[in-house]
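# A structural walkthrough
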Amino acid sequence: MRRTENIFEQESYRGTGVRTMSGVTLTWIICSTISVLAAIGIIANFGAVTARIAIFMANLLSSGFLILVAILAVVCFVVRIRWKLHRSFWRW
């Protein structure tokens, strides 16, 4: 019978004596393999990768994206301050 309470128990229900591999283990192996391959690719093509990053950042900075991020940060800060002031006023 399948248990639903314990998220850390073994996920395979094939019985004893059979080699089992849980979904978590399989996902970990796949993600690790992809990470190692990506690291090897970045190291092998370091010049091309850094050139692409530099071009991307130059385009991003020239597009005015930072101005939008700054405006959004100021708006979030003001809304947060007003919410705190409003809550502290009504709590007394």
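Residues numbered from 1 in each chain as written. Predicted model: local features only at pLDDT ≥ 70, side-chain atom pairs only at ≥ 80, totals over all residues. Heavy atoms only, no water.

## Quick notes on the overall build of the protein chain
This is how the line gets drawn: A run of DSSP states H or I qualifies as a helix once it reaches four residues; a run of E qualifies as a strand once it reaches two. Both are numbered from the N-terminal end. Exposure categories follow from relative accessible area, calculated using a 1.4 Å probe and restricted to protein chains: below 20% of the type maximum is buried, above 50% is exposed, and the middle band is partly exposed.
Across its full length, the protein chain carries three helices and zero strands. Reading the protein chain from its N end, one meets helices and strands in the order α-α-α. Taken across its 92 residues, the protein chain has 2% of its residues classed as buried.

## Brief notes about helix H2 (residues 46–62)
Our working definition: Here the expected length of a helix is defined as 1.5 Å per residue gap, with one fewer gap than residues.
The end-to-end C-alpha distance of H2, which contains 17 residues, comes to 24 Å, matching closely the 24 Å that a straight helix rising 1.5 Å per residue would cover. Phi turns positive one or two residues past the end of H2, at Gly 64, with a value near 85 degrees.

## A few points about a nonpolar patch on the surface
Selection criterion: Patch definition: residues with relative accessible area over 30% and no salt bridge; like charges joined within 9 Å; nonpolar side chains (Val, Leu, Ile, Met, Phe, Trp, Tyr) joined within 5 Å. Per-residue and other accessible areas were derived by the Shrake-Rupley procedure at a 1.4 Å probe size, with only the shown protein chains allowed to occlude residues. By convention in these notes, a salt bridge is any Lys or Arg side-chain nitrogen within 4 Å of a carboxyl oxygen on Asp or Glu.
Together, Ile 53, Phe 56, Met 57, Leu 61, Phe 65, Leu 66 and Val 69 line one region of the surface with nonpolar side chains, adding up to about 660 Å² of accessible area. For the nonpolar patch, the elements supplying multiple residues, two or more each, are H2 and helix H3 (65–91). No other element matches H2, which puts four residues into the nonpolar patch. As for its placement among the helices and strands, Met 57 is situated in helix H2.

## Description of the confidence of the model for the protein chain
Stated precisely, the cut-off is as follows: Every residue carries a pLDDT, the predictor's confidence in it, which falls somewhere between 0 and 100.
Averaged over every residue, the pLDDT of the protein chain is 81; the share at 70 or more is 71%. H3 is the least confidently modelled element of the protein chain, averaging 83 in pLDDT, while helix H1 (residues 23–44) averages 93, the highest of any element.

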